[in-house]
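Here's the letter readout for the chains.
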Amino acid sequence: MPTDPRVRYQALLQQLSKLVQSNPKLALKKIQEHLRQRPADANFLHLKGLAKADMGLHDAAIEAMRASLKAHRQQPEVHNNLANSYKAIGQTERAEQHYRDAITLNPNYLDAFKNLGLLLQSTGDLSNAITFLQRAVDLSTQKAPMLTALGNVYREQELFQKAVPCYQAALQINPSYVNAIHNLGLCYKLTEELEQARICFERAAAIAPDVAEIDVSLGNVAFELKDYQTAENCFENAIHKESGYVLAHETLSELKWQLGKTDSYLSSYEIALKERPQDMALRHSLLRLLINSQRYDEARDLVDRTMHTTQTPELLRATGELYANDGDYVQARQNFEASLKLAPSTEVTQDLVKLMLIKADYDAALPLLDSLLVIQPNNQLNWALTGTAWRLLGDERYQWLIDYNRDVQVSTLPTPPGYRSLTDFLQHLQSVLLNMHSTQAAPMRQTLVEGTQTPGRLLHKSDPVIQLYRSALSEAVKGYISRMPNDTDHPLFSRKSSAFEFSGSWSVKLRSNGYHVNHVHPEGWISSACYIHLPSSMGNQDSTAGCIKFGESPLDLGNREIVERVIHPLPGQLALFPSYAWHGTFDFDCAENDFRLTAPFDVIPIKKQP
């Protein structure tokens, strides 16, 4: 036993540190004994904080580590661990400051660079996240995890040309590093390189056969490749491995719904909830699917059975939606407000605003809309609801927000090279798109009725016809952007940029009696519907059947509602408009073998590359 007091002290700290990792409750008891003798000892206070954090008691952990720093400020490790606890309770600004303090005190502190990079990624500050994660890569001797983390940020920014080399570099160091293999597959999936993605996911599954997330990724690729039985098997395998895995249940249900298996699309929930009757995440997910598929009686029954034991923000929101669907707006409003008291939510606040607009309570709606726009100034539904409130109040800002003659523009696709006419190209594009429409029903959460929608990201597919279509669309979008006025305060024009990307793209095939309910594209900037084929019944220019309409909300405002503009499209035309513009379509009749085929998309200003 060492006789030097300093050596004994260091040995004790090491012993307690190991005990914190293996048995934090016992460690805390011993640490408290030492603190009674030395109540201001910075190291014992730090260890107390670590023990509390390991027990999930982050408020107490913060108190102990702040006391440690009060006793001795120059402790980078304490700043880093204090930041971890602040992050755990959602205080991201304080967490960021303490990570930065740790780095200031130790410019080579790997964990602090890594943790700060991951924190900034979670808050959406991706450019700075890259800076700190790149420094963590430089400092690390175990570079594969750090390279993968860096690749994840590039992937989140859709900078795939930078993400893929990060994952590949990680795999050069460790060819069996599952996270890098799986995330490389996710990159290939997002760029529609489906066979490459499948190879990655199968390789990851062979290394880590018990990871349910990999099965879901494999199932998603199989679904897009139209290998529906394999997709179903993959989702079921994921649920077998992890019965409470909500995403696996949701993707399996969505697959069955689109394939027309409406008698069994929720069966996995029934089985899982017998095993996990108290699993609220599963109950919330099932409730959302029941509402989305308009099985309201079953949704009410599930709410009633669940609310007997607990009230959650999700349950209160769902109850509000069910009341609103029945026209009981007073009870709906009470439930939305109760949900918001338990947890802030943009979506629930938007639900509440919709009720207020329906009931003409504009004085209550406007302050909520102002708060939403502060939090999410580019959320297009926030602007759509604000515009509706301004219109109903006769506020001149409505005309400032959207001028339907100026901001909704119709263009005609240029004929791509290699084709004699636009008609020839549209016929070729139509055959490619129709081959992708192989399901029986649209996704549950989409706005179309009596039709189907393609999966994945259409304009990222490598098919040469799709790429010619993308180039033609790019020319039309460039023209639309170039005609925008300059206005730094306007939600559309202030984002004006010649550099843009297609953030979403798909194809919709509507059958007879099909239509789109009125909606906006919440994550977009500019949106469009491009018309590939129209049924012969839409040839009458005096009829609105199948036409796209603008300005009418989905709120059923009666005589307060208005259609601002109707466009009667022709094949090869596209309507470009702000993503916050309410739009929908009129239904139409056509022959059984005829259809209305479009290929819509969203555009956003391109992110600045770090």
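Above this text sits the structure in question.
Cut-offs used in this document
- Residues numbered from 1 in each chain as written.
- Predicted model: local features only at pLDDT ≥ 70, side-chain atom pairs only at ≥ 80, totals over all residues.
- Heavy atoms only, no water.
- Helix = DSSP H or I, 4+ residues; strand = E, 2+ residues; numbered from the N terminus.
- Rg over C-alpha atoms; globule rule 2.2 N^0.38 Å.
- Buried < 20%, exposed > 50% of the residue type's maximum accessible area, 1.4 Å probe, protein only.
- Contact = heavy atoms within 4.5 Å.
- Areas by Shrake-Rupley, 256 points an atom, 1.4 Å probe, with all protein chains shown as cover.
- Pairing = 2+ DSSP bridges.
- Axes fitted to C-alpha atoms, helices over the stretch in contact; angles between N-to-C directions.
- Phe/Tyr/Trp six-rings, centres within 6.5 Å; stacked < 30°, edge-to-face > 60°.

Peer 1: Hey, could you run me through the overall build of the protein chain in this one?
Peer 2: The helix and strand inventory of the protein chain stands at 27 helices and 11 strands. Taken over the C-alpha trace, the protein chain has a radius of gyration of 28 Å; the compact-globule value for 610 residues is 25 Å, and the two agree within 12%. Reported as C-alpha extents along the three principal axes, the dimensions of the protein chain are approximately 100 × 55 × 55 Å. Every one of the 610 residues in the protein chain was classed for burial, and the buried ones make up 52%. Taking as baseline every contact in the protein chain between residues at least 6 positions apart, the subset at least 24 positions apart corresponds to 63%. Put simply, the protein chain shows about 28400 Å² of open surface, and 49% of that area lies on carbon and sulfur atoms.

Peer 1: It is not clear to me how the pairing of strand 3 (residues 500–505) should be interpreted in this structure. Could you clarify?
Peer 2: Regular strands show a simple pattern: their side chains alternate between the two faces of the sheet. By the criterion of burial, strand 3 is predominantly enclosed, with five of the six residues buried. Sheet analysis places strand 3 next to strand 11 (residues 601–605), joined by five bridges and oriented antiparallel. Its bridge partner being in strand 11, F502 is matched across the sheet by V603.

Peer 1: Whenever I open this one, the sheet that holds strand 7 (residues 565–567) confuses me. Can you help?
Peer 2: One open sheet holds the three strands; their spatial order is 7-6-9, and the pairing between them is antiparallel. Whereas interior strands pair on both sides, the edge strands pair on one side only; in this sheet they are strand 7 and strand 9 (583–585). Geometrically, the sheet is characterised by an average inter-axis angle of 25° between neighbouring strands, direction not taken into account. Note that strand 6 (residues 548–550) and strand 7 share three bridges and pair antiparallel. Note on strand 7: the bridge partner recorded for F550 is R565.

Peer 1: It is not clear to me how the packing of aromatic side chains should be interpreted in this structure. Could you clarify?
Peer 2: Two aromatic rings are characterised by how far apart their centres lie and by the angle between their planes. As enumerated under the stated definition, the model contains 10 aromatic pairs in all. On the numbers, 5.7 Å between centres and 50° between planes, the contact of F223 with Y228 is tilted. Given a relative accessible area of 14%, F223 falls into the buried group. Given the relative accessible area of 17%, Y228 is considered buried.

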